[in-house]
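Coordinate inspection notes
Read off the chains here:
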Amino acid sequence: MYSVSAQTNDVEIVQVPLDVNNDFQLQPDKINEALSADPSIKLVYICSPGNPTANLIKKADIQKVLEHPTWNGVVVVDEAYIDFAPEGSSLAEWVNDWPNLAVMQTLSKAFGLAGIRLGVCFTSPPIATLLNSLKAPYNISSPTSALATAALSPTHQAVMQKYRDLIVAQRDRLVQELPQIPGIGRFRGGKESNFLLVEILDKPASEGGKPSNVIAQAAYEAMAEKRGVVVRFRGKELGCEGCLRITVGTEEEVTRFLREIRTVLGGLHKGESIDSVRGQVSQN
Ligand SMILES: Cc1ncc(COP(=O)(O)O)c(C=O)c1O
């Protein structure tokens, strides 16, 4: 999404990959090197928890970038999924100490209000002034404003937290139960979001299975087309060979997902075609 926005605004991007061998953590020294090499870079974008990696970025690593000795730009931290991370994970308060930090959050995820199109940016007064002067002359629409004000009231925040806790409980359940299904490999990244990134193997791990994009893609298709269980195939992202991103649902949805993926992987590992696996009925 960042690169799409950059392209539509004719902005060049320099990518510094996360460390795929270290739980997709930031590589602050490499970022700082890139910033030293090209002082025309204006913004650094960091997503924490990451998507699709579900991991929190270490605060000390972000601090290293903020402390770059010569670079004079803004560090943006996208915290769209922060409500699913442990209390105290946000960097929002750091904007009081770092005038070059902008922390963004959204009502689209934990509050379930993507339709009102509202987020928030915590930042220092000079950047806030700049953002206000850049925005279109029209303000936030009154329906959006009314819904957001209600959602952020103590009563409705408590509702959000109740649902967040249910999601976290189902996430813990998936962490326990998913690896028991033959053909499920490692979790990649972290477990601090409302989704998990997991490897799909070409055969059960007990038989030496390896992460496979072919099987992951086939499992994704078989579950989506006839079974109504939609996950995301993420096998083409760097370091995500064979990975599906599973959004955590309600207890019933997680039960259904676990049943369907067991059936689908069982069929695919027996060498059945995707078409025949698509049509099979799962046993309860
Ligand atoms: C990492 C990340 N940031 C931001 C967003 C977008 O949030 P919004 O609905 O507020 O535009 C998404 C949505 O998918 C996301 O995954």
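Source: prediction; values computed, not measured. (Residues numbered from 1 in each chain as written. Predicted model: local features only at pLDDT ≥ 70, side-chain atom pairs only at ≥ 80, totals over all residues. Heavy atoms only, no water.)

Right, let's get into the overall build of the protein chain. Secondary structure summary: the protein chain contains 9 helices and 8 strands in total. Radius of gyration (C-alpha) of the protein chain: 21 Å, near the 19 Å computed for a compact globule of 284 residues. Expressed as lengths along the three principal axes of its C-alpha atoms, the size of the protein chain is roughly 60 × 45 × 35 Å. The contacts of the protein chain with a sequence gap of at least 6 include a subset with a gap of at least 24, amounting to 64%. (Helix = DSSP H or I, 4+ residues; strand = E, 2+ residues; numbered from the N terminus. Rg over C-alpha atoms; globule rule 2.2 N^0.38 Å. Contact = heavy atoms within 4.5 Å.)

Residues in contact with the ligand, as listed here, are Cys47, Asn51, Asp78, Ala80, Tyr81, Thr106, Ser108, Lys109 and Arg117. Within the side chain of serine 108, an N or O atom sits 2.6 Å from an oxygen atom of the ligand. In the model, an oxygen atom of the ligand is placed 2.9 Å from a nitrogen or oxygen of the arginine 117 side chain. Protein chains bury 66% of the 400 Å² of accessible surface belonging to the ligand in isolation. Looking at the shell around the ligand residue by residue, the class counts come to 3 nonpolar, 3 polar and 3 charged. (Near = heavy atom within 4 Å. Polar contact = N/O pair within 3.5 Å; in protein donor to acceptor, adjacent residues only side chain to side chain. Areas by Shrake-Rupley, 256 points an atom, 1.4 Å probe, with all protein chains shown as cover. Nonpolar A, V, L, I, M, F, W, Y, C, P; charged D, E, K, R; others polar.)

Here the focus is the domain arrangement of the protein chain. Here the domain parsing of the protein chain yields domain 1 (2-152) and domain 2 (157-279). For domain 1 versus domain 2, the distance between C-alpha centres works out to 28 Å. Summing both partners gives a buried area of about 1,800 Å² for domain 1 against domain 2, and 63% of it is carried by carbon and sulfur. Of all residues in domain 1, the largest losses of buried area upon contact with domain 2 belong to Pro52, Ala54 and Phe84, amounting jointly to 37% of the total for that side. Along the contact surface separating domain 1 from domain 2 lie 0 salt bridges. Linking domain 1 with domain 2 are 10 residue pairs in polar contact (both at pLDDT 80 or more). A per-class count over the side of domain 1 that touches domain 2 returns 15 nonpolar, 4 polar and 2 charged. (Domains from an automatic or database assignment. Buried area = accessible area lost by both parts, 1.4 Å probe. Salt bridge = Lys/Arg side-chain N within 4 Å of Asp/Glu carboxyl O.)

Another aspect to go through is the sheet that holds strand S3 (residues 101-106). With respect to topology, 4 strands assemble into an open sheet ordered S1-S2-S3-S4, the strand pairing being mixed. Among the strands making up the open sheet, the edge pair consists of strand S1 (43-47) and strand S4 (119-123). Within the sheet, the average angular offset between the axes of one strand and its neighbour, ignoring direction, is 20 degrees. As paired elements, strand S2 (residues 74-78) and S3 share 4 bridges and run parallel to each other. By the bridge assignment, valine 75 is partnered in S3 with leucine 101. Each of S2, S3 and S4 is contacted by helix H4 (residues 125-134), which is oriented at about 140 degrees to S4, the strand it contacts most. (Pairing = 2+ DSSP bridges. Axes fitted to C-alpha atoms, helices over the stretch in contact; angles between N-to-C directions.)

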